[in-house]
Amino acid sequence: METTNIHWTALWVFLFFFVLVTVLGFMASKWMAGPSNKGAHLDEWGLGGRNFGTWITWFLVGGDFYTAYTVIAVPALVYAVGAYGFFALPYTILVYPIVFVIMPKLWRAAHKAGHVTAADVVWGRYQSRPLEFAIALTGVVATMPYIALQLIGMEVVIKALGLTGELPLLAAFVILALYTYSAGLRAPALIAFVKDIMIYIVVIVAVVVVPAKLGGYGAVFSSARDAFALKGGATGLTLKPTQFLPFASLALGSALAAFMYPHTLTGIFAAKDANTIRKNAVFLPAYTVLLGLIALLGYMAYAAGIKVQANNDVVPALFNNLFPGWFAGFAFAAIAIGALVPAAVMSIGASNLFTRNFWKPYVNPGISHEGEAKVAKIVSLVVKFGALVFILFLPTKFALDLQLLGGVWILQTFPALVFGLFVGWFGARALLCGWAVGIVGGSWMAFADGIKPVHSFIIGGETYTLYTGLIALTLNVVVAVIANLIFGKGSQPALKR
């Protein structure tokens, strides 16, 4: 590791806050802990005792929904393509009415039966091991590249500090793995308080100070408009007519998929009651305001004359160029800590799925609560190690491509998880058929399009472009309806009402 290009002031500030949250992570094992006889229960380690109130849930869900990679990737996308990158804003507005309507029902179903994962809920509703396995497998596979992307976000800011080589990232990985193993969900829940406060400070300072240094927002938008005019193509400060439909479908499809991921559902299941979830659906849009401000950093980079080899380097380069070393270090610490929170929750969500829906039904049906917790802890280490392998030995683009596919895949769990909360018509075999067609069809379209998130149809000489995941979901539902008509009541288990 070379030391000649290290930004020492920024590095020391970065290390101070990183050590601070590391200490908090290890201390969290005793924070809001349940009775001593439940300490080894999976509910305690994997769901924080299901005792998180409104504020803790707000920070936790926001912390694992708005990730470090979001802080890096959203402005990078806006820097690259302009207005099209803002699809994340309507997406995060649409998602909260969905949360308000669906998630309290899902929480009640999970709380009543002691379910820990989405696949548990599906098993409890349909009594189908194949369908449960499909939902669990989808959750684990879709989560792995998502964790890798958090580490990529951390890698970007480590590089911006002037550090080279893999040792700094390995050290951060080991720290993350150890305090997650020790404290479970309580660690990211506690750290999320620090992380979100730091991110808010960074963004508020940036959106005030940066434009002031660059001649105001008029100069920022003027510089971005001129840069996009030179680029040409589909870039610009406003959407092109051909982008309206893909923009809208990306927002809707992403909103439907967002809370199907194991990490977001883990935050939901950890809430102490259904009303806590409703309150969060009301208050969480404050994060959308934050996201809109973060996205503007992509435009500010043009006014600051930032030139980067990779779009993901835009935000770190902007802070390095326009702020003193101590504030750049603070900003980089906020982004890196913002990677730790979701990465921890994601690994916990994936390990809960493996333990409850692979290990328990197929390996050790008689496993105790303590045994479940032990297996989940070990698997959380394996999951993080797998994510680390992604970025150490595979090109970054590979992880990005798989994450795009992950969004298509996780959306196919929506019918099995959500429909049963409202209607009793669908049966397990029909939903499994729909899931299979959605997964295969969505994957085929994505690979045929070069792992792009949208797919185009030509109908009557007109081209219609839509989010691939939404197309696959439509196929999923249509096949499930047809299959249910074919299989009839035989596809539904006899359930006690």
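It should be emphasised that the depicted structure is a prediction, and the values quoted were computed from it without experimental measurement.

**Concerning the overall build of the protein chain**
And step 1. Counting secondary structure elements, the protein chain contains 22 helices and two strands.
And step 2. Its C-alpha radius of gyration of 22 Å places the protein chain within 12% of the 23 Å reference for a compact globule of 497 residues.
And step 3. The buried share of the protein chain, taken over its 497 residues, is 60%.
And step 4. Considering only intrachain contacts with a sequence separation of at least 6, the fraction spanning at least 24 residues in the protein chain is 85%.
And step 5. Carbon and sulfur atoms make up 70% of the accessible area of the protein chain, which totals about 19500 Å².
And step 6. The centroid of the 30 positive side-chain charges in the protein chain is displaced by 10 Å from the centroid of its 17 negative side-chain charges.

**Concerning the nonpolar core**
And step 1. Counting residues in hydrophobic clusters, the biggest one holds 189 residues, and the most contacted among them are Met103, Tyr299, Phe319 and Leu417.
And step 2. If one sorts the elements of this core by residue count, helix α17 (residues 325-362) sits on top with 21 residues.
And step 3. The residues contacting Met103, other than those within four sequence positions of it, are Ile98, Phe259, Met260, Leu265, Ile268 and Ile277.

**Considering the side chain of Asn476**
And step 1. Topologically, Asn476 is positioned in helix α22 (residues 468-487).
And step 2. Contact partners of Asn476, with chain neighbours within four places excluded, come to Gln412, Pro415, Gly434, Trp435 and Gly438.

**Quick look at the pattern of salt bridges**
And step 1. This model, assessed by the stated rule, comprises seven salt bridges.
And step 2. With a shortest N-O distance of 3.1 Å, Arg356 and Asp120 are connected by a salt bridge. Here Arg356 is found in helix α17, whereas its partner Asp120 is found in helix α6 (residues 118-126), with 236 residues between them in sequence.
And step 3. For Asp120, a relative accessible area of 4% puts it in the buried group.
And step 4. Ionic pairing is found between Lys360 and Glu372, a salt bridge with its closest N-O pair at 3.4 Å. You can see Lys360 sitting in helix α17 and its partner Glu372 sitting in helix α18 (residues 369-393), a full twelve residues away along the chain.
And step 5. Given the relative accessible area of 1%, Glu372 is considered buried.
And step 6. In this structure, a network of salt bridges that share partners links the residues Asp120, Arg356, Lys360 and Glu372.

**Description of unusual backbone geometry**
And step 1. Positioned with a positive phi, Gln127 is a non-glycine residue whose angle comes to about 50 degrees.
And step 2. Assessed through its relative accessible area of 41%, Gln127 is described here as partly exposed.
And step 3. The phi dihedral of Ile451 falls on the positive side, at around 60 degrees, and the residue is not glycine.
And step 4. Within the fold, Ile451 resides in the loop between α21 (428-448) and β1 (454-459).

**Thoughts on the environment of Pro453**
And step 1. Its place among the elements puts Pro453 in the loop between α21 and β1.
And step 2. Taking the C-alpha atoms as reference points, Pro453 and Asn484, separated by 31 residues in sequence, lie 29 Å from one another.
And step 3. For Pro453, the contacting residues outside a window of four places in its chain are Leu250, Leu404, Leu466, Tyr467 and Thr468.

**With respect to the environment of Asn51**
And step 1. The topology assignment puts Asn51 in the loop between α2 (42-47) and α3 (54-65).
And step 2. C-alpha separation for the pair Asn51 and Thr264, spaced 213 residues apart in sequence, amounts to 16 Å.

Criteria and thresholds
- Residues numbered from 1 in each chain as written.
- Predicted model: local features only at pLDDT ≥ 70, side-chain atom pairs only at ≥ 80, totals over all residues.
- Heavy atoms only, no water.
- Helix = DSSP H or I, 4+ residues; strand = E, 2+ residues; numbered from the N terminus.
- Rg over C-alpha atoms; globule rule 2.2 N^0.38 Å.
- Buried < 20%, exposed > 50% of the residue type's maximum accessible area, 1.4 Å probe, protein only.
- Contact = heavy atoms within 4.5 Å.
- Areas by Shrake-Rupley, 256 points an atom, 1.4 Å probe, with all protein chains shown as cover.
- Lys, Arg positive; Asp, Glu negative; His and termini not counted.
- Charge placed at Lys NZ, Arg CZ, Asp CG, Glu CD.
- Core = buried A, V, L, I, M, F, W, Y, C linked by side-chain atoms within 4.5 Å.
- Salt bridge = Lys/Arg side-chain N within 4 Å of Asp/Glu carboxyl O.

Bear in mind that shape data such as this cannot, by itself, settle questions of function.
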